[in-house]
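A structural walkthrough
Spelled out, the chains give:
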Amino acid sequence: MSGDQVYVDDVAGPMLQAVSALVERLGLHDEDLTGLESNLPASGSALRAAGDHIYHRDGLLPRIDQNASVFDVLFGGTRKPIFTSAHARNHLITLGEMLAMYLLVWSPTPWSLLPDFTAPSGLSEKDAQMYAREQTAMAGFRQDLPACQRVLAHLPTAMIFDDHDVTDDWNLSLAWEQAAYGHPLSRRVIGNALIAYGINQGWGNKPEILSDAVGKPVRDALRAPGSREHDQAIGTFLEFEGWDFQWPTDPPLIVLDTRTRRWRSERNSHYPSGLLDWEAATDLQAHLRGKDAVLLVSAAPIFGVKLIEAVQKFFTLIGKPLMVDAEYWMAHPGTAGAILNVFRHRNTPRHFVILSGDVHYSFVYDVELRGQRLDRHGAPDAEPEIWQICSSGIKNTWPEKLIAYLDHANRWAFSPGSPLNWLTKRRGMRVIPRKPVGTPHGRRILNASGIGLVELEKTGAPKAIYQLTADGRKVAFVPREAEARMD
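These figures come from a predicted structure and were not determined experimentally. (Residues numbered from 1 in each chain as written. Predicted model: local features only at pLDDT ≥ 70, side-chain atom pairs only at ≥ 80, totals over all residues. Heavy atoms only, no water.)

This next bit is on the overall build of the protein chain. Across its full length, the protein chain holds 14 helices and 11 strands. Considering the protein chain as a whole, with its 487 residues, one finds that 54% of them fall into the buried category. Long-range contacts, defined as pairs at least 24 residues apart, comprise 74% of the intrachain contacts of the protein chain with a sequence gap of at least 6. Total accessible area computed for the protein chain in this model is approximately 21600 Å², and 54% of it derives from carbon and sulfur atoms. (Helix = DSSP H or I, 4+ residues; strand = E, 2+ residues; numbered from the N terminus. Buried < 20%, exposed > 50% of the residue type's maximum accessible area, 1.4 Å probe, protein only. Contact = heavy atoms within 4.5 Å. Areas by Shrake-Rupley, 256 points an atom, 1.4 Å probe, with all protein chains shown as cover.)

Okay, the side chain of Arg444 next. Inspection of the secondary structure puts Arg444 in the loop between β7 (429–436) and β8 (450–456). The residues contacting Arg444, other than those within four sequence positions of it, are Ser362, Phe363, Asp407, Arg411, Arg434, Lys435, Pro436, Arg480 and Glu483.

With that out of the way, let us pick up the nonpolar core. Core analysis: the largest hydrophobic core is formed by 73 residues, its most contacted members being Met15, Leu92, Leu104, Leu194 and Trp243. In contact with Leu194, not counting residues within four places along its chain, are Phe161, Val166, Trp170, Phe237, Leu238 and Trp243. Membership of the second largest hydrophobic core comes to 44 residues, among which are Val294, Ala336, Val359 and Leu369. (Core = buried A, V, L, I, M, F, W, Y, C linked by side-chain atoms within 4.5 Å.)

Right, let's talk about empty space enclosed by the protein for a bit. Across all of its chains, the model carries 4 cavities of 30 Å³ or more by this definition. Computed from the structure, the largest cavity encloses a volume of approximately 90 Å³. Around the largest cavity sit Asp244, Ile254, Val255, Leu256, Asp257, Arg261, Leu276, Ala280, Asp283, Leu284 and His287, which together line it. Sorting the residues of the lining of the largest cavity by element identifies β2 (253–255) and α10 (278–288) as the ones contributing at least two each. With 4 residues, α10 is the single largest residue contributor to the lining of the largest cavity. For the lining of the largest cavity, the per-class residue count stands at 6 nonpolar, 1 polar and 4 charged. (1 Å grid on protein atoms, 1.4 Å probe; cavity = no way out; pocket = protein on both sides within 12 Å on 5 of 7 lines; lining within 4 Å. Points joined across faces, edges and corners; volume = space filled by probe spheres on them. Nonpolar A, V, L, I, M, F, W, Y, C, P; charged D, E, K, R; others polar.)

Quick look at the pattern of salt bridges now. Applying the stated criterion across every chain yields a total of 25 salt bridges. The closest approach of N and O atoms between Glu97 and Arg57, which form a salt bridge, is 2.7 Å. Taken together, the residues Glu97 in helix α4 (residues 95–106) and Arg57 in the loop between α2 (44–49) and α3 (69–75) connect sequence positions 40 residues apart. Exposure remark for Glu97: the relative accessible area of 2% places this residue in the buried category. Its relative accessible area of 0% is what places Arg57 among the buried residues. Taking the shortest distance from any N to any O, the salt bridge between Arg443 and Glu400 comes out at 3.0 Å. Pair noted here: Arg443 is in the loop between β7 and β8 and Glu400 is in helix α13 (residues 400–413), with a separation of 43 residues, a long-range link. (Salt bridge = Lys/Arg side-chain N within 4 Å of Asp/Glu carboxyl O.)

These results come straight from atomic positions and should not be treated as a statement about function.
And the structure:
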């Protein structure tokens, strides 16, 4: 699972009620919130006593002076919270809330401890309608949760954060970091989410490392949330650089941390940071030495849909990266060069299978890097074979008309014979798209909720690539060699 396993920044109204009730039921320690924000209740219990501010928590989240330069850089002069999710009206705040959220999404047992919930009084008509829709969705979620728990109990499951596990656009740019970590409340909220992630997701990836590195700070934070020790624990978590991991499968699974080891833009603080800094790329190259094949997990696709990346680049250039989540590998020259050099290095694998998510649509590219890999004697060596496989997401999809338009426009604008494609060639790559079988003519993007399935040869190369969709289909992706383009 390559990120956004939970959305702590986008919580349904009934779920927020359940989270608060479970915190009370379990008797989790109260968190002191004094000194973080003037209009925030003094503690987690006071927040619950005030009715949790259901659908109105965005009014509690930190805002920056509209005249501040970092605010103008981040939000173009529009008064907006640091927390940029469009649905942050029920953003979780305290450590207890974050921990209760995980319990409620992983296990049906906590639900048996809680009463049924009804809409609180005083909701606007619009919010009451939203609550009713969410309540129906929550009932379906609770019904299916035991089956989900059984699946996860029987399958080895690797997880890494993306942004919504912590907050939307987490570490998007240097300007975002300066705004978020410079405010005590936003720093606390991000730190709480990261501690909860470490306990519920990160720990299982490499427990021997995390136990030594952050075990004591976790215990300190749980004993006295809101204390000086809690803030120190948050500092430890924010500085920790060991979230990436590898498992000794065959071929080995290497999972990248593309959120906390970023390459900040040297050109402009509001430009999106590179998803991996030079030091992290160097570490990756060391992990890959001597391996014949690898499963490489990157939350965002390393090789993405070119038209969509062009749109993201345009909005970045006009100072609006937040409008389009302008986070992609090739956006930052340093990161792009570093990862391509890793692929081309003579001691790195011949077969790279890149597994990604994040973008809420699915696609597959076969990628060939052209003519720049040399052996130890300086003679031309075989270039690596790369498969970019994006399976996204289990729930969310794009508006169908919009994704159909972008899909067709991408094929037209960047077809092999298109002048635009030749004018925008960047990295010396040959890209072969795959068609999802059964989709309409001209479609190369699959817009369907589901889970990816990849069958591998003994060499580590994919034998078959499928998307298992929520409506029961098993959609295969087949190469379209005639559509190969140089990029």
